[in-house]
Amino acid sequence: MPRRSRTLTGLLLFTSLTLTTAGIAGIAATANASPETPAAAAGAHAEHAAYSMPGMPGMPASTQASGDDPDGDGYIMADPPVTGVTPSMEVPPPAYFHEFQAKCAPTHTAPDDPIVYPGQPGKSHDHTFMGNTTTNADTTTASLETGDTTCLAPGDKSGYWMPSLFNGDTKILPEGVQTIYYKSGVTDYRSVRPFPRGLRYVVGSPMQTQEEFKNLKGTVEGWECGESFKNYDFPASCPTSQDTRLNLRLQAPSCWDGIHLDTPDHKSHMAYPVAGGANYNSCPADHPVALPMIEFKMAWPVNGDMSKVRLASGTGYSFHYDFMNGWDAATLDAMATHCIKGGLQCDPHGYDENHPDQGAVLDENYELP
């Protein structure tokens, strides 16, 4: 693996970060890495510090060595990098949907965050973990792959986590399996690739303001309950009917730079798609690789008086989440190819009931046949 360089000047770093703008996007796999550009193009960095993406408050820079980042500088390099990619501007065949669902249940809670505070148990605010049952402060790509999962698909051993929600002093967990959509955020859904092994990132920030949360590219409607939408902090009250839940959807950036699996702010290697003419969304040139766009769709069993509802990170607009890829490569590739690149609306089996002739990807046990 090429050794990273830190010769980039502060001006170039600022320019690079400024180019990391937003939109909505798609997928990427190192298996299809192009040999067109030398791998040496992967590394140019200045000494890192806490910095932020445009329009988003900074995350603390990682300074702790971990199994995936032995020197603790916050940069984890893709090996091999995906280079020589040009964002697609082609118009694909019409397809209203290009997505599949992952269904994963909460597993445990802990004040750990292996992305922001690797190897530092207890340093984070409390998180609710979903998917991989082993996720903790010492989690690495390798440990995810040997862990168990509460996702319906055994091939999805990814770690998903978010700040825990409290009603007063009572911790409230989402009930049962939660829906995590994997979709295309770019218009040419055929250009989406599977996640590379070891990719990780943070969506949003616990330090964002209400206005920043409202305007975050991935925010969808804000907090919802009953007929109340577009709440960017917790609503004062929700209907008390038995089936009313507090809901939130938040979409992740889906355009990757092809070089880093993580960066010190846990954001700069990813970007949202950018909008063009005729409602065309594509990846920006500095983040050209389209990956699946993750959309959290969470539901907490809390309603009525919401005055004591809070997140472990603070206000409702401090909501954010972390993702650490632990998918079996063959399973993710099959689901992404059939459902996203195939222009289908798939359930967790990879089956589109509106197109039964296309069949399913996974068997009755949610495994590849």
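Parameters and conventions
- Residues numbered from 1 in each chain as written.
- Predicted model: local features only at pLDDT ≥ 70, side-chain atom pairs only at ≥ 80, totals over all residues.
- Heavy atoms only, no water.
- Buried < 20%, exposed > 50% of the residue type's maximum accessible area, 1.4 Å probe, protein only.
- Helix = DSSP H or I, 4+ residues; strand = E, 2+ residues; numbered from the N terminus.
- Pairing = 2+ DSSP bridges.
- Core = buried A, V, L, I, M, F, W, Y, C linked by side-chain atoms within 4.5 Å.
- Contact = heavy atoms within 4.5 Å.
- Phe/Tyr/Trp six-rings, centres within 6.5 Å; stacked < 30°, edge-to-face > 60°.
- Lys NZ or Arg CZ within 6 Å of the ring centre and 35° of its normal.

1. So, the pairing of strand β8 (residues 178-183)
For β8, the buried fraction is high: six of the six residues fall into the buried class. Burial of β8 is two-sided: the residues Gln178, Ile180 and Tyr182 facing one way and the residues Thr179, Tyr181 and Lys183 facing the other way are all buried. In this structure, strand β2 (residues 99-104) lies alongside β8, joined through six bridges in antiparallel fashion. Directly across from Gln101, in β8, lies its bridge partner Tyr181. Sheet analysis places β8 next to strand β20 (residues 293-300), joined by five bridges and oriented antiparallel. Counterpart to Ile180 in the pairing with β20 is Phe296.

2. Structural notes on the sheet that holds strand β16 (residues 270-271)
Strand order across the open sheet formed by three strands is β16-β14-β19, with antiparallel pairing between neighbours. Taken across any chain shown, the strands that pair with only one partner, and hence form the sheet edges, are β16 and β19 (289-290). With two bridges joining them, strand β14 (residues 255-256) and β16 adopt antiparallel strand pairing. In the strand pairing of β16, Cys255 is matched with Ala271.

3. Observations regarding the nonpolar core
One finds Tyr160, Ile180, Tyr182, Ile294 and Trp300 to be the most contacted residues of the largest nonpolar core, which totals 66 residues. Aside from chain neighbours lying at most four places away, what touches Trp300 is Met162, Leu165, Ile172, Leu173, Pro174, Trp223, Arg245, Leu246, Leu248 and Phe319. By size, the runner-up hydrophobic cluster in this structure holds eight residues, among which are Ala110, Val116, Trp161 and Val202.

4. A few points about the packing of aromatic side chains
Under the criterion given, the structure shown has 16 aromatic pairs. Relative to Trp327, the ring of Tyr182 lies with its centre 5.7 Å away and its plane at 85°, an arrangement referred to as edge-to-face. Placement of Tyr182 in strand β8 and of Trp327 in the loop between β23 (321-324) and α4 (329-340) is noted, with a sequence separation of 145 residues between them. You'll find Tyr182 and Trp327 in the same group, each marked buried. When the ring of Tyr201 is compared with that of Phe323, the centres are 5.5 Å apart and the planes differ by 45°; the resulting orientation is tilted. Residue Tyr201 is located in strand β9 (residues 200-203), and its partner Phe323 is located in strand β23; the two are separated by 122 residues in the primary sequence. Each member of the pair, Tyr201 as well as Phe323, carries the same accessibility label: buried. Site record: aromatic cluster; members linked through ring pairs are Phe100, Tyr160, Tyr182, Phe195, Tyr201, Phe296, Tyr321, Phe323 and Trp327. The residue whose ring lies beneath Lys183 is Tyr181, and the NZ or CZ to ring-centre distance is 5.3 Å. If you follow Arg310 out to its NZ or CZ, it ends over the ring of Phe166, 4.4 Å from the centre.

5. A closer look at the environment of Thr331
Positionally, Thr331 belongs in helix α4. For Thr331 and Pro194, which are 137 residues apart along the polypeptide, the C-alpha to C-alpha distance reads 9.8 Å. If we ignore the near neighbours within four places in the chain, the residues touching Thr331 are Gly155, Leu362 and Leu368.

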